[in-house]
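Spelled out from the first residue to the last, the chains are:
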Amino acid sequence: MAFPHRLDAPELPDFSLLKRLARDQLIYLLEQLPGKKDLFIEADLMSPLDRIANVSILKQHEVDKLYKVENKPAVSSSEQLCFLVRPRIKNMRYIANLVNADKLSGRTRKYKVIFSPQKFYACEMVLEEEGIYGDVSCDEWAFSLLPLDVDLLSMELPEFFRDYFLEGDQRWINTVAQTLHLLSTLYGPFPNCYGIGRCAKMSHELWRKLEEEEDGETKGRRPEIGHVFLLDRDVDFVTALCSQVVYEGLVDDTFRIKCGSVDFGPEVTSSDRSLKVLLNAEDKVFNEIRNEHFSNVFGFLSQKARNLQTQYDRRRGMDIKQMKNFVSQELKGLKQEHRLLSLHIGACESIMKKKTKQDFQELIKTEHALLEGFSIRESTSYIEEHIDRQVSPIESLRLMCLLSITENGLIPKDYRSLKTQYLQSYGPEHLLTFSNLRRAGLLTEQAPGETLTAMESKVSKLVTDKAAEKITDAFSSLAKRSNFRAISKKLNLIPRVDGEYDLKVPRDMAYVFSGAYVPLSCRIIEQVLERRSWQGLDDVLRLLHCSELAFTGLTKEDKPSSESLRLVLVAFLGGCTFSEISALRFLGREKGKRNQKGDVGPPWDLRDKGQHLEASLGSGSWVPLAVS
């Protein structure tokens, strides 16, 4: 969503500065290897690099040829080789094999390794073990945040979720802290900082140490960002597991948005080739539909097509001078709009075909039932049927995880049954998938003697609060109360709707899930902003097991201006969905805040073959809003 310029609204910081800094630093590192050189780039750094420094800029700084780091021998004939890689052990083995092969053949070359975003001691140890540490020079490209749009920043760290939330590896916490430090250096101190989660707390503490070490660097600067939120992804898994129904989310689910762009295939372009399209506010058609519920998109595109036709029809009554002005001033823009309109209509058709084939309405209905805690038996049967029909291995896993989290774990009998059916349907190689999901807390089994908490909630609706409390105590020996149900009730995550929910003119953030559910992460942000602290949310924090992991950090700076307080940055540590981004944009509009989003983590990758469990979950996110 593009933010209109208003005199009463704060100006957004110039985040293009982040891109310029990253480009200048990379150029500086390349020039430390003077003369012609070949550049080897890791695959998942290619898209970010293209957004920061394209091929022509690299050529200007004597990069001769570009190669992808992959599992095959290098064929470069250059006397200087530069490697732009993530700090991964496999990359060190690749470089070591290349250097040692040159040594065996008696060839002498210069080698430079640029780690992004930072180098780790383990990588240097591998280079030393391989006997090439003295043959290569190492440096860091501290590429921190990539502006993907006017309100979206990304650290493009695809391994963040797996490393921290699955493996318990804390190596990226320093990267997050350094990024926060960079933002405060460029855009002034943050008057208010709120966080929830262990990763958020450690990142905040390390960031504060960095600020103290360089005390005075931001003193006297007017803050441009008034509030910063740090949220761990595991605080709200439910939102990430729900099917997306806003247009941008469905485009991501269907085509995979990578680094702010998408590859539309022949089925969308109506030609024999694919087309890479940048999805941001500059695409006027996309900008108007990105946050819309999918049911509204076709109507908008249809009206847009009629308006475009009317614009073209104006030519018929023009004289020569008017035609000349039309061609020079309007025709190019109309043609561009026509091209984009055609692409998005094609994308909508492809999405519809895929979702119709998967019986999307039944899937959504089942998800809503799980969120509300009704028809659990029927929902379990639907998941079993979904697995048996082999509709989608990822969607089957998502439904199982959603059932597990909303019901506080699966009954042992259901867990064994669903796991057996899944392995029989999709293959025994997914045994590791189940182990990973269990370790991450996404798919768990209830302890013997526990039962589904939906039963308790149903019974309690039929009696008074006092009687319900007694019934709860009676159940306590058999069942563990579902935290999701309690949190949902405390924060009103399931809206009570009188009549049909209006998706064209939504009244709350629940529209991003067809009016059935308000994203927990976004509700927490809304509540804290209203209170300006965690006060009054003690019960929610206890249910989230975050009583000791929620914090409020206030600077010692002079009282910031009301203008700066109106801009809020939200950082999702471990990834976020486009549904959450749309919900925060809605919150920004409704609360008079002008939003801005950013990204700090990875897509989650819990399966053994490196595939994404949930395509909608990006690599983390930072989101600023603006409070009027």
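Predicted, not measured: the structure shown is a model, and the values here were computed from it.

Moving on: the nonpolar core. Among the nonpolar cores identified, the biggest contains 179 residues, and Phe83, Trp141 and Tyr247 are the most heavily contacted of them. Among all residues touching Phe83, those that are not within four sequence positions of it are Phe40, Tyr94, Ile95, Leu98, Tyr111, Lys112, Val113 and Ile114.

Before going further, it helps to examine the packing of aromatic side chains. Enumeration according to the criterion identifies 18 aromatic pairs in this entry. The interplanar angle of 50° and the centroid separation of 4.6 Å between the aromatic rings of Tyr422 and Tyr426 together place this pair among those described as tilted. Here the residue Tyr422 and the residue Tyr426 both occupy positions in helix α19 (residues 412-426), the gap between them amounting to four residues, near one helical turn. Note on Tyr426: relative accessible area 13%, which makes it buried. For the ring pair Phe484 and Tyr517, a centre distance of 6.2 Å and an interplane angle of 50° mean the geometry is tilted. Here Phe484 is found in helix α23 (residues 483-491), whereas its partner Tyr517 is found in the loop between α23 and α24 (520-531), with 33 residues between them in sequence. Residue classification places Phe484 among the buried residues on the basis of a relative accessible area of 6%. Judged by relative accessible area, which is 0%, Tyr517 ranks as buried. Ring-pair connections join several aromatic residues into one group, and the members of that group are Phe161, Tyr164, Phe165 and Phe237. If you follow Arg208 out to its NZ or CZ, it ends over the ring of Trp207, 5.1 Å from the centre.

In summary, the side chains of a regular strand alternate between the two faces of the sheet. The buried fraction of strand β1 (residues 37-41) amounts to five of the five residues, a majority that puts the element mostly inside the structure. Going residue by residue along β1, you find Lys37, Leu39 and Ile41 tucked away on one face and Asp38 and Phe40 tucked away on the opposite face as well. Judged from the four bridges that link them, β1 and strand β2 (residues 63-68) form a sheet pairing that is parallel. Paired with Phe40 across the two strands is Tyr67, which belongs to β2. Bridging between β1 and strand β3 (residues 80-85) involves four bridges; their strand directions are parallel. Of the residues in β3, the one forming a bridge with Ile41 is Leu84.

Our next topic: the side chain of Arg523. Looking at where Arg523 falls in the secondary structure, it is placed in helix α24. For Arg523, a relative accessible area of 12% translates into the label buried. With sequence-adjacent residues up to four places away left out, Arg523 is seen in contact with Leu491, Asn492, Leu493, Met509 and Val518.

Here we take up the packing of helix α17 (residues 376-388) against helix α18 (residues 393-406). Where α17 contacts α18, the two axes come as close as 9 Å, and the packing angle between them is 160°. The orientation of α17 relative to α18 falls into the category roughly antiparallel. For the pair α17 and α18, the crossing hand works out as left-handed. Across the interface between the two elements, Ile376, Thr380, Tyr382, Ile383, His386 and Ile387 of α17 pack against Glu395, Ser396, Leu399, Met400 and Leu403 of α18.

Glancing now at the sheet that holds strand β4 (residues 110-115). Overall, parallel pairing links the five strands, which are arranged β2-β1-β3-β4-β5 in an open sheet. Of all the strands in the sheet, the pair left with one neighbour each is β2 and β5 (136-140). For this sheet, the mean angle separating the axes of adjacent strands, direction not counted, is 20°. Sheet topology note: the β3/β4 ladder contains six bridges and is parallel. Residue pairing in the sheet places Gln80 in a bridge with Lys110 of β4.

The next subject is the packing of helix α1 (residues 16-31) against helix α7 (residues 173-187). One can describe the packing of α1 onto α7 by two numbers: an axis separation of 11 Å at closest approach and a directional angle of 115°. Considering the angle they form, α1 stands roughly perpendicular to α7. Relative to α7, α1 is oriented so that their crossing is right-handed. Seen from α1, the contacting residues are Leu17, Leu18 and Leu21; seen from α7, they are Leu182, Leu183, Leu186 and Tyr187. Considered class by class, the residues forming the contact of α1 with α7 number seven nonpolar, no polar and no charged.

Here we take up the side chain of Arg86. For Arg86, the position within the fold is in the loop between β3 and α4 (89-104). Residue Arg86 is classed as buried on the basis of its relative accessible area of 0%. Of the polar contacts made by the side chain of Arg86, one reaches the backbone oxygen of Glu156; its length is 2.3 Å. Each residue touching Arg86, except ones within four places of it in the same chain, is listed here: Glu42, Asp44, Leu45, Asn91, Phe115, Ser116, Pro117, Glu156, Leu157, Pro158 and Glu159.

Let's shift gears to helix α8 (residues 198-213). Spanning 16 residues, α8 covers 23 Å between terminal C-alpha atoms, matching the ideal 22 Å at 1.5 Å per step. Contacts from the buried residues of α8 go to α6 (160-166), α7, β8 (192-196), β9 (227-232), β12 (550-554) and β13 (568-573).

What follows concerns the environment of Val55. With respect to the helices and strands, the residue Val55 is situated in helix α3 (residues 55-60). A C-alpha to C-alpha distance of 8.8 Å links Val55 and Leu66, two positions 11 residues apart in sequence.

Under the definition given, this model contains 34 salt bridges. Between Arg109 and Asp102 there is a salt bridge, with its nearest N and O atoms 2.9 Å apart. Judged by its relative accessible area of 11%, Arg109 is buried. When the shortest N-O distance is used, the salt bridge between Arg377 and Asp414 registers 2.4 Å. Of this pair, Arg377 sits in helix α17 while Asp414 sits in helix α19, and the two are 37 residues apart along the sequence. Connected through shared salt-bridge partners, Glu42, Asp44, Arg86, Arg88 and Glu159 make up one network.

With that settled, consider unusual backbone geometry. Cis geometry is adopted by the peptide bond preceding Pro117, which originates at Ser116 and carries an omega value of 5°. Here Pro117 is to be found in the loop between β4 and α5 (121-129). A positive phi angle, close to 55°, is found at Ser270, a residue other than glycine.

Turning to the confidence of the model for the protein, a few remarks are in order. Across the protein, pLDDT averages 83, with 81% of residues at or above 70. Considering each helix and strand of the protein separately, the mean pLDDT is smallest for helix α22 (residues 465-475), with a value of 43, and largest for helix α9 (residues 237-241), with 96. Here residues 623-628 is modelled with pLDDT under 50, and outside its nearest four sequence neighbours on either side it reaches 50 contacts, counting other chains as well.

Analysis parameters
- Residues numbered from 1 in each chain as written.
- Predicted model: local features only at pLDDT ≥ 70, side-chain atom pairs only at ≥ 80, totals over all residues.
- Heavy atoms only, no water.
- Core = buried A, V, L, I, M, F, W, Y, C linked by side-chain atoms within 4.5 Å.
- Buried < 20%, exposed > 50% of the residue type's maximum accessible area, 1.4 Å probe, protein only.
- Contact = heavy atoms within 4.5 Å.
- Phe/Tyr/Trp six-rings, centres within 6.5 Å; stacked < 30°, edge-to-face > 60°.
- Helix = DSSP H or I, 4+ residues; strand = E, 2+ residues; numbered from the N terminus.
- Lys NZ or Arg CZ within 6 Å of the ring centre and 35° of its normal.
- Pairing = 2+ DSSP bridges.
- Axes fitted to C-alpha atoms, helices over the stretch in contact; angles between N-to-C directions.
- Parallel < 35°, antiparallel > 145°, perpendicular 65-115°, else oblique.
- Left-handed = near helix turned anticlockwise from the far one by under 90°.
- Nonpolar A, V, L, I, M, F, W, Y, C, P; charged D, E, K, R; others polar.
- Polar contact = N/O pair within 3.5 Å; in protein donor to acceptor, adjacent residues only side chain to side chain.
- Expected span 1.5 Å × (residues − 1).
- Salt bridge = Lys/Arg side-chain N within 4 Å of Asp/Glu carboxyl O.
- pLDDT = per-residue confidence, 0-100.

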